[in-house]
Protein chains: 2
Amino acid sequence: MKITSKFTVAVHTLLVIYTFSDTKKTTSEFIAASVRVNPVVIRRTLLSLKAAGIVEVKAGSGGARIVKDLKDVSLYDIYKAVDCVDGGLFHFHENPNPACPVGKNIHAVLDNRLSDAQAAMENELKKVTLADLTRDLGEKL
Amino acid sequence: MKITSKFTVAVHTLLVIYTFSDTKKTTSEFIAASVRVNPVVIRRTLLSLKAAGIVEVKAGSGGARIVKDLKDVSLYDIYKAVDCVDGGLFHFHENPNPACPVGKNIHAVLDNRLSDAQAAMENELKKVTLADLTRDLGEKL
DNA sequence: TGTCGATGTAATCAAAAAGATTACAGCAAG
DNA sequence: CTTGCTGTAATCTTTTTGATTACATCGACA
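Cut-offs used in this document
Residues numbered from 1 in each chain as written. Chains lettered and ligands numbered in written order. Predicted model: local features only at pLDDT ≥ 70, side-chain atom pairs only at ≥ 80, totals over all residues. Heavy atoms only, no water. Contact = heavy atoms within 4.5 Å. Buried area = accessible area lost by both parts, 1.4 Å probe. Salt bridge = Lys/Arg side-chain N within 4 Å of Asp/Glu carboxyl O. Helix = DSSP H or I, 4+ residues; strand = E, 2+ residues; numbered from the N terminus. Expected span 1.5 Å × (residues − 1). Buried < 20%, exposed > 50% of the residue type's maximum accessible area, 1.4 Å probe, protein only. Arc of directions from axis to C-beta. Least-squares fit on C-alpha atoms with pLDDT ≥ 70 in both. Axes fitted to C-alpha atoms, helices over the stretch in contact; angles between N-to-C directions. Parallel < 35°, antiparallel > 145°, perpendicular 65-115°, else oblique. Nonpolar A, V, L, I, M, F, W, Y, C, P; charged D, E, K, R; others polar. Lys, Arg positive; Asp, Glu negative; His and termini not counted.

**Student:** For this particular structure, what's the right way to read the interface of chain A and chain B?
**Tutor:** A common way to state how big an interface is: give the accessible area lost once the parts meet. Each partner contributes residues to the interface: chain A has 57 residues there, and chain B has 58 residues. Interface of chain A and chain B: buried area, both sides summed, is about 5,000 Å²; carbon and sulfur atoms make up 68% of it. Joining chain A to chain B, the criterion identifies two salt bridges. For the side of chain A that touches chain B, the secondary structure elements donating two or more residues are α1 (6-20), α2 (28-35), α5 (101-126) and α6 (130-140) of chain A. When residues of the side of chain A that touches chain B are assigned to their parent elements, the largest contribution, 17 residues, is made by α5 of chain A.

**Student:** What is the right way to read helix α3 (residues 39-51) of chain A from this model?
**Tutor:** Residues lying three or four places apart along an α-helix face the same way, a consequence of the helix completing one turn every 3.6 residues. All names here are of chain A. The terminal C-alpha atoms of α3, which comprises 13 residues, lie 18 Å apart, in line with the 18 Å expected from a rise of 1.5 Å per residue. Taken together, the buried positions of α3 are occupied by I42, T45, L46 and L49. Projection of α3 onto a plane perpendicular to its axis shows the buried side chains occupying an angular sector of 100°, all on one side. For α3, the exposed residues set more than 90 degrees away from the buried face come down to R44, L47 and A51.

**Student:** What is the right way to read the relation of the copies chain A and chain B from this model?
**Tutor:** The relation between the two chain copies is a rotation about an axis coupled with a shift along that axis. Screw-axis analysis of chain A against chain B gives a translation of 0.0 Å along the axis, an RMSD of 0.0 Å, and a rotation angle of 180°. What the rotation and shift describe, once combined, is the action of a two-fold rotation axis. Within chain A, M121 of chain A has its C-alpha nearest the rotation axis, a separation of 2.4 Å. Most of the interface of chain A is mirrored in chain B, where 100% of its interface residues are also at the interface.

**Student:** So what exactly am I meant to see when it comes to the packing of helix α4 (residues 75-82) of chain A against α5 of chain A here?
**Tutor:** Two numbers describe a pair of packed helices, the interaxial angle and the distance between the axes. Residue and element names in this part refer to chain A. One can describe the packing of α4 onto α5 by two numbers: an axis separation of 6 Å at closest approach and a directional angle of 120°. Classified by the interaxial angle, the pair formed by α4 and α5 is oblique. The segment α4 lies against α5, with L75, Y76 and Y79 engaging Q118, M121, E122, L125 and K126. Counted by class, the contact of α4 with α5 contains five nonpolar, one polar and two charged residues.

**Student:** How do you make sense of the side chain of E122 of chain B when you look at a structure like this?
**Tutor:** All names here are of chain B. Tracing the sequence through the fold places E122 in helix α5 (residues 101-126). Buried charge without a salt bridge: E122, with K80 as the nearest opposite-charge side chain at an N-O distance of 4.7 Å. Contacts of E122, omitting those with residues within four sequence positions, involve Y76 and Y79.

**Student:** Explain helix α6 (residues 130-140) of chain B here, please?
**Tutor:** Those residues of α6 of chain B lying buried are L130, D132, L133, T134, D136 and L137 of chain B. Where the residues of α6 of chain B are buried, they touch α5 of chain A together with α1 (6-20), β2 (64-66) and α4 (75-82) of chain B.

**Student:** Can you help me understand the pattern of salt bridges in this one?
**Tutor:** Two side chains that carry opposite charge are able to pair once their charged atoms sit near each other. Within this structure, the stated rule accounts for 12 salt bridges over all chains. E56 of chain B serves as the salt-bridge partner of R65 of chain B, at 3.3 Å between the closest nitrogen and oxygen. Residues D69 of chain B and K71 of chain B are paired through a salt bridge, measuring 3.2 Å at the closest nitrogen-oxygen approach. In this structure K71 of chain B comes out as exposed when scored by relative accessible area, which is 52%. Via salt bridges that share partners, R113 of chain A together with D132, R135 and D136 of chain B belong to a single interconnected network.

**Student:** Help me understand the environment of T8 of chain B in this model?
**Tutor:** Looking at where T8 of chain B falls in the secondary structure, it is placed in helix α1. A relative accessible area of 1% places T8 of chain B in the buried class. For the pair T8 of chain B and V35 of chain B, spaced 27 residues apart in sequence, the C-alpha to C-alpha distance is 9.5 Å. Leave out the neighbours within four places in its chain, and T8 of chain B touches H91, F92, H93, L110 and L114 of chain A.

**Student:** Looking at this structure, I do not really get the environment of I31 of chain A. What am I missing?
**Tutor:** Residue and element names in this part refer to chain A. As for its position among the elements, I31 is in helix α2. Separated by 18 residues in sequence, I31 and T13 have C-alpha atoms that sit 6.3 Å apart. Setting aside anything within four residues of it in sequence, one finds I31 in contact with T13, V16, I17, T26, I42 and L46.

Below you can see the structure in the form of structure tokens.
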């Protein structure tokens, strides 16, 4: 399976906020029009990003802005903020038979290996920051 | 979200075949009893592993056996065999707005980064072989 | 060769997960 | 005190995943 689109939606959201911060009020509705999802989805995404201290959202008057230095926000921070793989990345079958020597020990044998693989992926995400993305994006415009 | 349990089921299946190859006929029913899933799920798993050249299955008389050297079968080979992340690991939101500068370029900016992260995870899986797992399992018994 | 226990595979179902959508209370600013 | 937006719960739909049923076919062996 896959990692929820919550993650790419969150990245997209931040890029929209950054790109239009000077010229538009970045409301959930405005962002939703670029990402093309329901505004409520954006609001929930913003809640997660706010809880992680990445953005500030004005209730009432509306609009969001990024409150951290772009180079201090990695893809991993966003990934964690929206909690797109709750628990482990790998999904285990739930009821291995404890009466079987293999079923009893399958977790002991596999869990660490799978965690290592997940960690390798996450480390790669730590290497990329919003500053990298906005730079790349700027070159396309 | 997560990577299908097809993957851990496949690994479990191979470990059962290895462990009992001398003493039992490893039928889909027998394996299913250790993994605790429906025997049809095991048959489908075995079909995938067979297509990847990892096992041989006897139609008719029944039973499966591993046909590769254990140290030549990595977790990555199994992962690929059962095709647990079809396409990319990360799930993109489907309709970014092409009329928006961010929506138009989000793939150009993100795709490579995400592929790199996925590759890092897969490289980690390549480092572990069935030989490693059976050794670890042996120590527990 | 005919029976028996397996596999190969399609078709159908059910359960779970992920999003979309509706609805509405509360806040901030003019 | 009105207006436009956020915060958040509740509900519904769609998709995905895995379970289950069903049956044709195969291989070994009496």
